[in-house]
Amino acid sequence: MRHERIPLILLTGFLGSGKTTLLNQLVQLPEFSRTLVIINEFGETSLDHLLVSKSSDDQIVELSSGCICCTIRGDLAKTLSDATWRFARNGVRQFDRVVIETTGLAEPTPILQIISNTPKLYDSYRMQGTVTVVDAVNGAGTLATHPEAQKQVAVADLLLLSKSDLATQAQETETREAMLLLNPTAPVQLVLQGQTQVDEILALDHAEPVQSTAPLHSWLPTEQLRFAPVSGKQGLLRADQSSAAPADLNRHNDRIRAYCYVLEHPVTAAQIDQWLDALMPELGPQLLRLKAILNVVGFPGPLVVHAVQHLLHPAGLLKEWPDEDRRCKLVFITDNLSAERLEQSLQLLQ
Ligand SMILES: [Zn+2]
């Protein structure tokens with residue numbers, strides 16, 4: 001019997017981004033009624049969380065003795081592992097979804113790793129997506145100076161832009177540009193007065209993003225990526241997303257970069273296997289995210305490849321292409337990885 005894993009949403013965002021306000025809104029919606037909420041409020045004011053607790057007090061866990069991304073990872077693993085019986089009545093689990101709210105300074109990747117690297121948790125929980133809240137007023141400044149905030153944006157499946165009603169047009173534009181540099185693939189949705197459209201959050205499907213051509217466009221929004229030929233190699237085009245940025249935007253920390261590549265020609269299945277076998281163990285830790293749509297010789301539709309660090313999700317083979325563009329497109333979001341090193345690995349696809 002095939003058992004359904006419980007979808008898990010990671011809600012993150014820097015200090016003051018408004019993620020708790022958003023969580024307060026979410027937990028009161030009928031769509032989130034059977035949700036187990038895990039709050040990590042270490043080092044932050046817990047005032048905001050009073051409201052969350054009131055709305056569904058029997059399905060809230062507060063972890064407050066440390067930070068779940070570094071000091072109390074074991075507590076998080078135990079909480080998730082115990083939750084299926086701890087929040088059950090007469091043997092029936094009382095929740096259908098988990099939302100984990102991190103602290104403002106947490107890095108999401110170690111939390112994602114706990115779930116993917118612990119067989120018991122991986123068997124019970126399915127990562128539905130990372131939702132990162134970014135404040136439109138201070139976002140550009142925060143992203144220029146805080147590596148934690150950069151990583152939160154870099155690994156997001158969905159970016160929520162908060163406080164845009166309080167931001168000037170210039171502030172909002174700068175924040176959007178800063179987000180685009182770090183993560184050109186995640187859709188951006190506005191949060192207005194703490195309210196957001198929940199459909200996009202509920203529709204997230206991180207691990208198996210693509211079953212048909214319909215969601216392919218939002219999964220890899222190629223129209224907002226900048227591609228420019230910089231490499232002399234046959235058929236390989238690269239655009240470093242940072243190259244068009246204002247010079248000082250990444251002044252303090254330019255470790256995290258997004259690179260987009262286009263390959264003009266189809267590749268063989270053997271080439272892809274060889275490339276991934278070499279790429280994942282070697283560059284996995286520096287690869288925050290890989291999203292690729294590949295044209296494979298002999299197949300009518302594209303192969304969709306998705307990896308988060310060392311974790312390569314099962315590739316999806318689509319029946320048909322969404323449009324006329326049949327080129328291979330690859331987007332890498334990297335931490336401290338040079339374009340030269342990446343391009344060396346891409347030689348295997350040449
Ligand atoms: Zn931490």
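Higher on the page you've got the structure.
Keep in mind the model is a prediction, meaning the values are calculated, not measured.

Calculation notes
- Residues numbered from 1 in each chain as written.
- Predicted model: local features only at pLDDT ≥ 70, side-chain atom pairs only at ≥ 80, totals over all residues.
- Heavy atoms only, no water.
- Salt bridge = Lys/Arg side-chain N within 4 Å of Asp/Glu carboxyl O.
- Donors = N, O, S within 2.8 Å, 3.2 Å for Na, K, Ca; no water.
- Buried < 20%, exposed > 50% of the residue type's maximum accessible area, 1.4 Å probe, protein only.
- Helix = DSSP H or I, 4+ residues; strand = E, 2+ residues; numbered from the N terminus.
- Pairing = 2+ DSSP bridges.
- Lys, Arg positive; Asp, Glu negative; His and termini not counted.
- Polar contact = N/O pair within 3.5 Å; in protein donor to acceptor, adjacent residues only side chain to side chain.
- Contact = heavy atoms within 4.5 Å.

Peer 1: For this particular structure, what's the right way to read the pattern of salt bridges?
Peer 2: Two side chains of opposite charge can pair, provided their charged atoms sit close to one another. One pass over the structure, following the stated rule, counts nine salt bridges. What you see here is one network of salt bridges that share partners, running through Glu107, Lys151 and Asp335.

Peer 1: Just checking my understanding: could you explain the coordination of the zinc ion for this structure?
Peer 2: Around a metal, the idealised angle for a tetrahedral arrangement of four donor atoms is 109.5 degrees; for an octahedral arrangement of six donor atoms it is 90 or 180 degrees. At the metal site, the zinc ion is ligated by Cys67 (SG), Cys69 (SG) and Cys70 (SG), and these contacts range over 2.2 Å. All donors to the zinc ion come from one chain, and their sequence spacing reads C-x1-C-C. Judged by its relative accessible area of 8%, Cys69 is buried. A relative accessible area of 44% means that Cys70 is categorised as partly exposed.

Peer 1: When you look at the pairing of strand β12 (residues 287-294) in this model, what are you seeing that I'm missing?
Peer 2: In the case of a regular strand, side chains alternate between the two sheet surfaces. Of all the eight residues making up β12, eight are buried; the element is thus mostly covered by neighbouring parts of the structure. As defined by bridge partners, β12 adjoins strand β16 (residues 328-335) across six bridges and the pair is classed as antiparallel. Across the sheet, Leu290 pairs through a bridge with Phe332, a residue of β16.

Peer 1: What am I meant to see in the side chain of Asp135 here?
Peer 2: Here Asp135 lies in strand β7 (residues 125-135). Of the side chains with opposite charge, Lys163 comes closest to the buried, unpaired Asp135, at an N-O distance of 4.2 Å. In terms of polar contacts, Asp135 uses its side chain to reach the backbone amide nitrogen of Val137, at 2.7 Å. A polar side-chain atom of Asp135 sits 2.9 Å from a polar atom in the side chain of Asn138. Excluding residues that lie within four positions of it along the chain, Asp135 makes contacts with Gly16, Ser17, Leu161, Ser162, Lys163 and Thr175.

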